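What follows is each chain in one-letter form.
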Amino acid sequence: MTQPKKLYIKTYGCQMNVYDSERMAEALGASGYVPTDAPEDADMILLNTCHIREKAAEKVYSELGRLKGLKAGNPDLKIGVAGCVAQAEGEEILRRQPLVDLVVGPQSYHRLPELEARARSGAKALDTDFPEEDKFDRLGARPKAQRGPTAFLTVQEGCDKFCAFCVVPYTRGAEVSRPAARILDEARALVDRGVAEITLLGQNVNAYHGVGPDGADWGLARLIRELARIEGLERLRYTTSHPNDMEDDLIAAHGDCPELMPYLHLPVQSGSDRILKAMNRKHTAEEYLRLIDRIRAARPDILLSGDLIVGFPGETDADFEDTMSLVRTVGYGQCYSFKYSPRPGTPAAEHDQLPEDVKSERLARLQALLNAQQEAAQQAMVGRTVGVLFEKPGRMPGQLVGKSDHLQAVHVDAPAELVGRIAPVRIVKAAPNSLGGELA
Ligand code: SAH
Ligand code: SF4
Ligand code: F3S
């Protein structure tokens, strides 16, 4: 018998890349690869990359530089670049970094076995097409290995929104929704393998409109309600959403579907109408706030998360104060914030850029406010009893770590048998990034 080859994948970027890395590992399983955690043992190293900000993209080249030594020690080692940098830069990667053997875009990874064979034969392998065929069809059923209690499941890909700052519409292509029957099958298979919580993924997941098994158009709410009927599937989440795609039935589901967890990531990017317009977000700050009111009316204890950008071209002090004011009004439980990073090929990159020190100063002020809000949200949990899905042992002996309904990490002294199960936990202490509790 031949020795299995070893595959090491390093994942950058969003949750969709995490899901894609799993599927790429499965696809290469067919070529005789087994996963390894040790790059120095690998026969193939794949970097699954992110292009969203300049720093993310540059990381890839510095990581490739670090791999030079490994390749020198093992001439059979193949190095591949996958994901959004692969899609955006394609052949340029092969030119800039000759040690790369294989470049594969996010829509082509079902072709990895052929690409791997080409790379093994000594040729350079490149595929950044947006193919006609559906990669999910080609990938087929997922392997039957036992899994941890949480999983991601991609239901929608791509983006038609073209926010003026963002590369995603170019790296992931147009919005496409998977047929609901396939998603239900994949979810059932995950539950059979021990999964109790599924996070539905899409670059614009709430734009999901797929064909249902009945031939009708299913929106995300319908899909969630059908998934919730699967025996053993206890929790559902979805990410990432665009405010303009929050349909009425999805808001309603937050109120009446108990499996849908009280957590929502709903990026707004800015609190200034002028900047929102320049960003091509197609909604105002007031419309976002009214939407939040409706969501909170459906589910009062929902924990809100978001994304914000500071220093977008043309952002004045007054625009930035509008963002601060919106954040104060919303009260986020958790929120990401970024300095605007000009991305080649996007409209906003053509405009005059703000000085770096202005961006840094605004980001620091915004983050101080967001941190204070997060701490307040964590503190507000103390004394409450919440459901916790236990995922793994904690750092202290006898301790388990899990996630609350609101997606907060919770540490609890609990027996190991509880891994994979949900139990009520009374929260007794709060730190900025985790909670401590006791089995209730
Ligand atoms: N599809 C998701 C966002 C994907 S990118 C959505 O629309 O919500 C994740 C976040 O990165 C964005 O919400 C935005 O806040 C940030 N981002 C995207 N492009 C950026 C850029 N050029 N500079 C800084 N932040 C950016
Ligand atoms: Fe990017 Fe905007 Fe699409 Fe989100 S909605 S992926 S920020 S273009
Ligand atoms: Fe990054 Fe691509 Fe995700 S650019 S954020 S890996 S969709």
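Residues numbered from 1 in each chain as written. Chains lettered and ligands numbered in written order. Predicted model: local features only at pLDDT ≥ 70, side-chain atom pairs only at ≥ 80, totals over all residues. Heavy atoms only, no water.

The name given to the chain in an unreviewed UniProt entry is tRNA-2-methylthio-N(6)-dimethylallyladenosine synthase, and the organism recorded there is Rhodovulum adriaticum. Turning to the chain, the UniProt record has this under Subcellular location (unreviewed entry): "Cytoplasm". For the record of the chain, the UniProt heading Subunit (unreviewed entry) holds the text "Monomer." (UniProt positions renumbered as here; feature names shortened; annotations may be inferred.)

Peer 1: Which residues make up the site of ligand 1, and what are the values?
Peer 2: Taken together, 15 residues lie near ligand 1, and Phe-165, Gln-203, Gln-269, Asp-307 and Ser-341 sit nearest. Contact between ligand 1 and Gln-203: a nitrogen atom at 2.6 Å from a main-chain N or O atom of the residue. Here a nitrogen atom of ligand 1 sits 2.8 Å away from a polar atom, N or O, in the main chain of Ser-341. Starting from 540 Å² of accessible surface for ligand 1 in isolation, the protein chains cover 89%. The set of elements that each furnish at least two residues to the shell around ligand 1 consists of strand E15 (303-310) and strand E16 (334-339). Taken together, the residues of the shell around ligand 1 sort by class into six nonpolar, five polar and four charged. (Near = heavy atom within 4 Å. Polar contact = N/O pair within 3.5 Å; in protein donor to acceptor, adjacent residues only side chain to side chain. Areas by Shrake-Rupley, 256 points an atom, 1.4 Å probe, with all protein chains shown as cover. Helix = DSSP H or I, 4+ residues; strand = E, 2+ residues; numbered from the N terminus. Nonpolar A, V, L, I, M, F, W, Y, C, P; charged D, E, K, R; others polar.)

Peer 1: A description of the domain arrangement of the chain should follow, citing residues and the corresponding values.
Peer 2: Domains assigned within the chain are domain 1 (5-127), domain 2 (135-379) and domain 3 (385-439). Here domain 2 and domain 3 have C-alpha centroids that lie 25 Å from each other. Contacts between domain 2 and domain 3 engage 17 residues on the former and 19 residues on the latter. If you sort the residues of domain 2 by the area they bury against domain 3, Pro-149, Arg-235 and Gln-378 come out on top, with a joint share of 42%. Connecting domain 2 to domain 3 are one salt bridge. Asp-405 serves as the salt-bridge partner of Arg-235, at 2.8 Å between the closest nitrogen and oxygen. At the junction of domain 2 with domain 3, the criterion picks out eleven residue pairs in polar contact (both at pLDDT 80 or more). (Domains from an automatic or database assignment. Contact = heavy atoms within 4.5 Å. Buried area = accessible area lost by both parts, 1.4 Å probe. Salt bridge = Lys/Arg side-chain N within 4 Å of Asp/Glu carboxyl O.)

Peer 1: Break down the UniProt feature "binding site: [4Fe-4S] cluster 1" (unreviewed entry) in the chain for me, with residues and values.
Peer 2: UniProt feature "binding site: [4Fe-4S] cluster 1" (unreviewed entry): in the numbering of this structure it lies at Cys-14, Cys-50 and Cys-84. A compact arrangement is adopted by the annotated residues: their sequence extent is 71 residues, whereas the largest C-alpha distance between any two is 10.4 Å. Position of Cys-50 among the secondary structure elements: in the loop between strand E3 (44-49) and helix H2 (54-73). Using a relative accessible area of 13% as the deciding quantity, one classes Cys-50 as buried. Other than its neighbours up to four places away in sequence, Cys-50 contacts Tyr-12, Gly-13, Asn-17, Ala-56, Ala-57, Cys-84 and Val-85. Along the chain, Cys-84 turns up in helix H3 (residues 83-89). Beyond its immediate sequence surroundings of up to four residues, Cys-84 is in contact with Thr-49, Cys-50, His-51, Pro-106, Thr-171 and Arg-172. (Buried < 20%, exposed > 50% of the residue type's maximum accessible area, 1.4 Å probe, protein only.)

Peer 1: Outline unusual backbone geometry, supporting the account with residue identities and numerical values.
Peer 2: Note the cis peptide between Thr-239 and Thr-240, where omega equals 0 degrees. Residue position: Thr-240 is located in the loop between strand E13 (235-239) and helix H10 (248-256). A positive phi is found at Phe-162, a non-glycine position, where the angle reads about 50 degrees. With respect to the helices, strands and loops of the structure, Phe-162 is situated in the loop between strand E8 (156-157) and helix H7 (168-172). Unusually for a residue other than glycine, Lys-282 sits at a positive phi of about 65 degrees.

Peer 1: Quick rundown of the site of ligand 3? Include the residues and the values.
Peer 2: The environment of ligand 3 is made up of Cys-14, Asn-17, Thr-49, Cys-50, His-51, Ile-52, Cys-84, Arg-172 and Gln-203. Here the residues of the shell around ligand 3 sort into four nonpolar, four polar and one charged.

Peer 1: Describe helix H12 (residues 285-298), naming the residues involved and giving the relevant values.
Peer 2: Spanning 14 residues, H12 covers 20 Å between terminal C-alpha atoms, matching the ideal 20 Å at 1.5 Å per step. Among the structural elements, H10, strand E14 (263-265), helix H11 (273-278), E15 and helix H13 (317-330) are those in contact with the buried residues of H12. (Expected span 1.5 Å × (residues − 1).)

Peer 1: Can you break down the environment of Arg-362 residue by residue, with the values?
Peer 2: For Arg-362, the position within the fold is in helix H14 (residues 356-379). Sequence-wise, Arg-362 and Glu-116 are 246 residues apart; in three dimensions their C-alpha atoms are separated by 46 Å. Discounting chain neighbours no more than four positions away, the residues touching Arg-362 are Val-310, Glu-315, Thr-316, Asp-317, Phe-320 and Leu-354. Side chain to side chain, Arg-362 and Asp-317 meet in a polar contact 2.8 Å long.

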